[in-house]
Amino acid sequence: MNKEIITAKWFKTRYTLNKNGWLQPLRNAPVEYYDPFNPYINDNGNSDNLYLLFTNLDIEKGKEIENFYNRFGPLGLMSRDFGSIYPMPKDDQMTAEKYKEEELFFTDSENNPVPFETGATLHQFDAAPFINKFRSDGIVPELTEIQQEAGENVELFKWEHLKFRSVIDLYTAIQENEIHSIQNVLLLLDSINNTKPMIIDGDYPKIIDLDYDVAENHAEEKPKAWWTDKNNNDVIRKSLEELMLHLNREIGNRPFLKLVFDPVDLTINKSVRWRCESLLNAMYIMLINNITEGLRIKRCIGCGKYYHVGRPEMKYCELSCQNRAKMRRYQEKIRRVQDLSTRGMEPEEIARELNAELKQVLKWISAWRG
Ligand SMILES: [Zn+2]
């Protein structure tokens, strides 16, 4: 992946998850700019891959979410709602003191104006300092500048997380040809898209709690089972198309085409750039890039974590996880031997039943009887 084609600005600072469910930046904490694509490009497919770290978060643990923010900064949810900030005149007449006659607005995803104060309520930042600066000096704030002051709602974070994980689930189910899983994920994705925990009621934004059962109940109410009467090949084909549609929706209009002039060759060329104003977009772009490269992702049967597949026959995220699973199975076998022995089964019979060596069975029984 060519780094030259990405245009963005990422930052991180200190965050805390408050009791109202908002991740808020700490006042006066230093802001550090960084590029999440650096480790991605230099160490592709590594175990510390950003979007896999995100997918593997245990979102029931607020501390894990808070740590993620402190390590990588906000998801950038505001820049997914708003495109830019601009001043709009109260009337058409421009005077010498025109800034006093203008108001600041955000543009939403459909390019409609949203009052600056509404944006401030929606994203939990103090609008006053920005408005004052605009009134006194005519300075229009930059989105990044505001993002550094803004909070992010944990319910929205969970919603985006669930959606991201489900897209990966769809991808892995397609790779494994698991028709039943594909159908389940498609139903879930459909209901997730219909249960965004943020609603705008008039001008006033409201966050509703996302109950995880809500998404699943919704799926039961509104099944969109296009796969009835379709054979498995058709299901795979159509679900690949669905995967593409979901990913395209997530990146929205971010990739753009631009003409560039080369003064040496005297040629005009086209150049495709990715604009990703948020960390979440960056993670989607990394995922899309890996999908187009054909990189395999699996879910570990031992610990449930998602990982990049090195060897296709591998079923565990790493060797230590495989060893832990082996140990669990071993201990489980010992417990069963002891259990059957308590119920009066003879050691020879137990050995046959559990496909174990008699010597070993006798040893486990005697160890347990002390
Ligand atoms: Zn594992």
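Let me begin by describing the structure that accompanies this report. Throughout, residues of each chain are indexed from 1 in the direction in which the sequence is written. Local features in a predicted model are, by the rule used here, given only for residues with pLDDT of at least 70; side-chain atom pairs are given and counted only at 80 or more, and totals for whole chains, interfaces and linings are based on all residues.

Only DSSP runs of H or I reaching four residues or more are called helices, and only runs of E reaching two or more are called strands; each is numbered from the N terminus. Secondary structure assignment for the chain yields 15 helices and 15 strands. Three classes are used. A residue is buried when 20 or more other C-beta atoms lie within 10 Å of its own, exposed when 12 or fewer do, and partly exposed in between, with C-beta atoms placed from the backbone. By the burial criterion, 25% of the 370 residues in the chain qualify as buried. Each residue gets a C-beta atom placed from its backbone, and two residues are in contact if those atoms lie within 7 Å. For the chain, restricting intrachain contacts to residue pairs at least 6 apart in sequence, the fraction spanning at least 24 positions comes to 58%.

With that out of the way, let us pick up the nonpolar core. Generally speaking, nonpolar side chains in soluble globular proteins are found buried as a group. Definition of nonpolar core: a set of buried Ala, Val, Leu, Ile, Met, Phe, Trp, Tyr and Cys residues joined via C-beta atoms within 7 Å. The biggest cluster of nonpolar side chains holds 54 residues, and the ones touching the most others in it are Tyr 51, Leu 170, Val 185, Met 283 and Met 286. Counting residues domain by domain, this core receives three or more from each of domain 1 (3-74 + 152-308) and domain 2 (77-147). For Met 286, the contacting residues outside a window of four places in its chain are Tyr 40, Leu 50 and Tyr 51. Residue ranges for the domains trace back to a domain assignment, done automatically or taken from a database.

What follows covers the sheet that holds strand 4 (residues 22-25). Between any two strands, pairing holds if DSSP finds at least two bridges. Here we have three strands laid out as an open sheet, ordered 3-4-9, and antiparallel in their pairing. Pairing within the sheet leaves two strands with one partner each, and these edge strands are strand 3 (15-17) and strand 9 (152-153). Where strand 3 lies against strand 4, three bridges are found, and the strand directions are antiparallel. Among the inter-strand pairings, Tyr 15 is bridged to a residue of strand 4, identified as Pro 25. Strand contacts of helix 3 (residues 62-72): strand 3 and strand 4, with the helix running at about 165° to strand 3, the strand carrying the most contacts. The axes used here are C-alpha line fits, helices contributing only the stretch in contact, and every angle between their N-to-C directions lies in the interval 0 to 180 degrees.

Between two packed helices, what matters for the description is the angle formed by their axes and the separation of those axes. Packing of helix 9 (residues 179-193) against helix 11 (residues 232-251) leaves a shortest axis separation of 11 Å and a crossing angle of 35°. Judged by the twist between their axes, the crossing of helix 9 over helix 11 is left-handed. When helix 9 is examined against helix 11, the residues Ile 179, Ile 182, Leu 186 and Leu 189 are found in contact with a partner set consisting of Asn 232, Val 235, Ser 239, Glu 242 and His 246. Looking at the contact of helix 9 with helix 11 residue by residue, the classes come out as five nonpolar, three polar and one charged. The sense of a crossing depends on the near helix, which, turned anticlockwise from the far helix by less than a right angle, makes the crossing left-handed and, turned clockwise, makes it right-handed. Three classes are used, and their members are as follows: Ala, Val, Leu, Ile, Met, Phe, Trp, Tyr, Cys and Pro are nonpolar, Asp, Glu, Lys and Arg are charged, and the others, Gly among them, are polar.

With that out of the way, let us pick up helix 12 (residues 279-292). With 14 residues, helix 12 ought to run about 20 Å at 1.5 Å a step, and its terminal C-alpha atoms sit 20 Å apart, in line with that. With ten of 14 residues buried, helix 12 is to be regarded as a mostly interior element. One less than the number of residues in a helix, times 1.5 Å, gives the span that helix is expected to have.

Here we take up the pairing of strand 4. Between the end of strand 3 and the start of strand 4, which pair antiparallel, lie four residues, with Gly 21 showing a positive phi angle near 85°. Alignment of strand 4 against strand 9, held across two bridges, turns out to be antiparallel. Bridging across to strand 9, Leu 23 finds its partner in Glu 152.

Taken together, three strands build an open sheet; the order of strands is 6-7-8 and the sheet is antiparallel. Edge strands, defined here as strands with exactly one partner in the open sheet, are strand 6 (82-89) and strand 8 (113-115). Going from strand to strand, the sheet's axes swing by 40° on average, the running direction of each strand aside. Alignment of strand 7 (residues 102-108) against strand 8, held across three bridges, turns out to be antiparallel. Paired with Phe 106 across the bridge in strand 8 is Val 114. On top of the sheet, helix 5 (residues 116-123) reaches strand 6, strand 7 and strand 8; it is set at about 75° to strand 8, its chief contact.

The subject of this paragraph is helix 13 (residues 319-342). When the terminal C-alpha atoms of helix 13 are compared, their 35 Å separation across 24 residues agrees well with the 34 Å that a helix rising 1.5 Å per residue should span. Helix 13 sits mainly on the outside: one of its 24 residues count as buried. Count one or two residues on from helix 13 and you reach Gly 344, which has phi positive near 90°.

We now examine the packing of helix 11 against helix 12. With their axes 10 Å apart at the nearest point, helix 11 and helix 12 run at an angle of 145° to one another. For helix 11 against helix 12, the interelement crossing comes out left-handed. Here Leu 247, Glu 250 and Ile 251 of helix 11 come into contact with helix 12, specifically with Asn 281, Tyr 284, Ile 285 and Ile 288. Grouping the constituent residues of the contact of helix 11 with helix 12 by class yields five nonpolar, one polar and one charged.

All right, on to the environment of Phe 105 then. Tracing the sequence through the fold places Phe 105 in strand 7. Phe 105 gets classed as partly exposed once you count the C-beta atoms within 10 Å, which come to 19. The spatial distance from the C-alpha of Phe 105 to the C-alpha of Pro 115 is 4.7 Å, given a sequence separation of ten residues. Beyond its immediate chain neighbours, meaning those up to four positions away, Phe 105 contacts Tyr 86, Met 88, Pro 113, Val 114, Pro 115 and Phe 116.

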